[in-house]
2 protein chains.
Amino acid sequence: KAEAEAIEKELLEDYRFGRQQLIEIWGHACAVAVTKAFPLPSLPRKQPTVLVVCGPAQNGAIGLVCARHLRIFDYEPTIFYPKRSVDPLYRDFTTQCEKMDIPFLSYLPTEVQLINDAYNAVVDAVLGAEAELGEGRGPCAGILATLKHVRIPIVSLDVPSGWDVEAGSSGGISPDVLVSLMAPKQCARRFLGRQHFVAGRFVPYDVQKKFELNPPEYPGTECVVDL
Amino acid sequence: KAEAEAIEKELLEDYRFGRQQLIEIWGHACAVAVTKAFPLPSLPRKQPTVLVVCGPAQNGAIGLVCARHLRIFDYEPTIFYPKRSVDPLYRDFTTQCEKMDIPFLSYLPTEVQLINDAYNAVVDAVLGAEAELGEGRGPCAGILATLKHVRIPIVSLDVPSGWDVEAGSSGGISPDVLVSLMAPKQCARRFLGRQHFVAGRFVPYDVQKKFELNPPEYPGTECVVDL
């Protein structure tokens, strides 16, 4: 976890990447991963619906960008974003989705069957590496409890919500698809789902080498690769 | 031209897109277009070199992002960026390229043959729609004079430098490839090169409709399409 933070710090401070830029790159890559995991013609439901659940911090903002690109890729995303950040950066990403007429749910049905019936998949952009927000009675604990019982496939961004970044799961959600940002975190070893994508192509070579990220080969101009 | 400005204004003010975000999206799309126009295995020179010439304003910043992504796509870009903007946004995009060890030329050879021999193609990110900067004795007039005599293919971003956005060329450069941002400008009718890409997939549907952009069909998750 400390390493992931060190990489992000280097990108932001030394390379002068912007947060807006990184979140756009990551969110776009996540949407591309969703299209690879669930191609439009393969979806079991008539409508290409996807539920994107966004947490209060950076992982949630990546979810918002992911939803916007899914809309552009002809999916029908719906967003659940209960704890909105006051950070103007996140507010702008929210406005982009609202103005594009992506529906926002005002609450998450506790009756899990309603979610199973309405959507083809759920994107879990709740916590990522910010695990402490979901613990015990944290603001996201209720969402995690619902996601744990969902039967449609879950796509988790970076770190499945509720998992420890290093130790992994302990009775938490079991995503079908994991999208690691920059490089897989330690907990990815405990991931047992069917597809694991890495979205780290934009990371400069020197950073990859310094942190020994051993990046996979990305074909063509692809921004993600299935390990 | 007024229409292009109105669209950009709507994206920035109503949709709350950020300049950093738009420049990243456009620069990435331009790099993808270059890979389609000049695939790595097709390049005539041993090294996959590309010269990216960047002007002082937004078009130049898009060129910087394009160069960064070309590097990631295993090309060897070299940047010529003589009039650096003091805008921190543009400075950050410059730092990203510098830190990735993309070489910057300190001057453009006036001996055109040196350019023809060293590079497979030139990306013209000099002026775009900001045509007045290149006129007469403007800061970019010398660059345009050199580019006019270059024999390797030129890829122009949005509006070939020196062209009028509406009227088009009058003895200016003749790009082989044009990458229109958002939608083709009027001058694109005068474009006689071999490939014309549009990079406007990210533009929200309502904006496309309102301004009657008639977007082309983008296959899969492609961000550009060859018209």
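A few points on the structure. Small disclaimer: the values here were computed from a predicted structure and weren't measured. (Residues numbered from 1 in each chain as written. Chains lettered and ligands numbered in written order. Predicted model: local features only at pLDDT ≥ 70, side-chain atom pairs only at ≥ 80, totals over all residues. Heavy atoms only, no water.)

1. Focus: the sheet that holds strand β4 (residues 121-125) of chain B
All names here are of chain B.
- Ordered in space as β3-β2-β1-β4-β5-β6-β7-β8, the eight strands form an open sheet in which the pairing is mixed. One side of each edge strand has no neighbouring strand; the edge strands of this open sheet are β3 (104-105) and β8 (225-226).
- Relative to strand β6 (residues 177-181), strand β5 (residues 154-157) runs parallel, the two sharing three bridges. The residue bridging Val-155 from the neighbouring strand is Val-177, located in β6.
- Sheet strands in contact with helix α3 (residues 58-72) are β1 (49-54), β2 (76-80), β3, β4, β5 and β6, and its direction is about 160° off that of β1. (Pairing = 2+ DSSP bridges. Helix = DSSP H or I, 4+ residues; strand = E, 2+ residues; numbered from the N terminus. Contact = heavy atoms within 4.5 Å. Axes fitted to C-alpha atoms, helices over the stretch in contact; angles between N-to-C directions.)

2. Considerations on the pattern of salt bridges
Residue and element names in this part refer to chain B.
- Per the stated rule, a full pass over the model turns up 16 salt bridges over all chains.
- With a shortest N-O distance of 3.7 Å, Lys-9 and Glu-13 are connected by a salt bridge. Here Lys-9 pairs with Glu-13, and both are found in helix α1 (residues 2-14), just four residues apart, close to one helical turn.
- Close ionic contact of Arg-68 with Glu-24 constitutes a salt bridge, the shortest N to O distance being 2.8 Å. Of the two residues, Arg-68 is situated in helix α3 and Glu-24 in helix α2 (residues 19-37); the sequence distance between them amounts to 44 residues. The same class applies to Arg-68 as to Glu-24, namely buried. (Salt bridge = Lys/Arg side-chain N within 4 Å of Asp/Glu carboxyl O. Buried < 20%, exposed > 50% of the residue type's maximum accessible area, 1.4 Å probe, protein only.)

3. Thoughts on the pairing of strand β1 (residues 49-54) of chain A
Residues and elements named next belong to chain A.
- Among the six residues that make up β1, six are buried, leaving the element largely enclosed by the rest of the structure.
- Residues Thr-49, Leu-51 and Val-53 of β1 are buried on one face, and the alternating residues Val-50, Val-52 and Cys-54, pointing to the opposite face, are buried as well.
- The pairing of β1 with strand β2 (residues 76-80) spans five bridges and is parallel. When the bridges of β2 are listed, Val-52 appears paired with Ile-79.
- In this fold, β1 hands off to helix α3 (residues 58-72), which returns the chain to β2; that crossover is right-handed.
- Pairing analysis gives five bridges linking β1 to strand β4 (residues 121-125), with the strands arranged parallel. When the sheet's bridge partners are listed, Val-50 is paired in β4 with Ala-121. (Right-handed = clockwise from strand over helix to strand, strands pointing away.)

4. Section: the relation of the copies chain B and chain A
- Here chain B sits on chain A after a turn of 180° about the axis and a move of 0.0 Å along it, with an RMSD of 0.0 Å. Taken together, the turn and the small shift mark the pair as related by a two-fold rotation axis. Taking C-alpha positions as the reference, the residue of chain B nearest the rotation axis is Gln21(B), at 2.7 Å. (Least-squares fit on C-alpha atoms with pLDDT ≥ 70 in both.)

5. Brief notes about the packing of aromatic side chains
- Inspection of the entire model under this criterion finds six aromatic pairs over all chains.
- On the basis of an interplanar angle of 35° and a centroid distance of 6.5 Å, the ring pair of Tyr15(A) and Phe17(A) is categorised as tilted.
- With a relative accessible area of 3%, Phe17(A) lands in the buried category.
- Arranged with centres 6.2 Å apart and planes meeting at 75°, the rings of Phe17(B) and Phe202(B) form a pair that is edge-to-face. With a gap of 185 residues between them, Phe17(B) in the loop between α1 and α2 and Phe202(B) in the loop between β7 (195-199) and α7 (205-210) connect regions that are remote in the sequence.
- In this structure, Lys99(A) is placed above the aromatic ring of Tyr15(B), and the distance from its NZ or CZ to the ring centre is 5.1 Å. (Phe/Tyr/Trp six-rings, centres within 6.5 Å; stacked < 30°, edge-to-face > 60°. Lys NZ or Arg CZ within 6 Å of the ring centre and 35° of its normal.)

Fair warning: the whole summary comes from geometry, so function is off the table for now.
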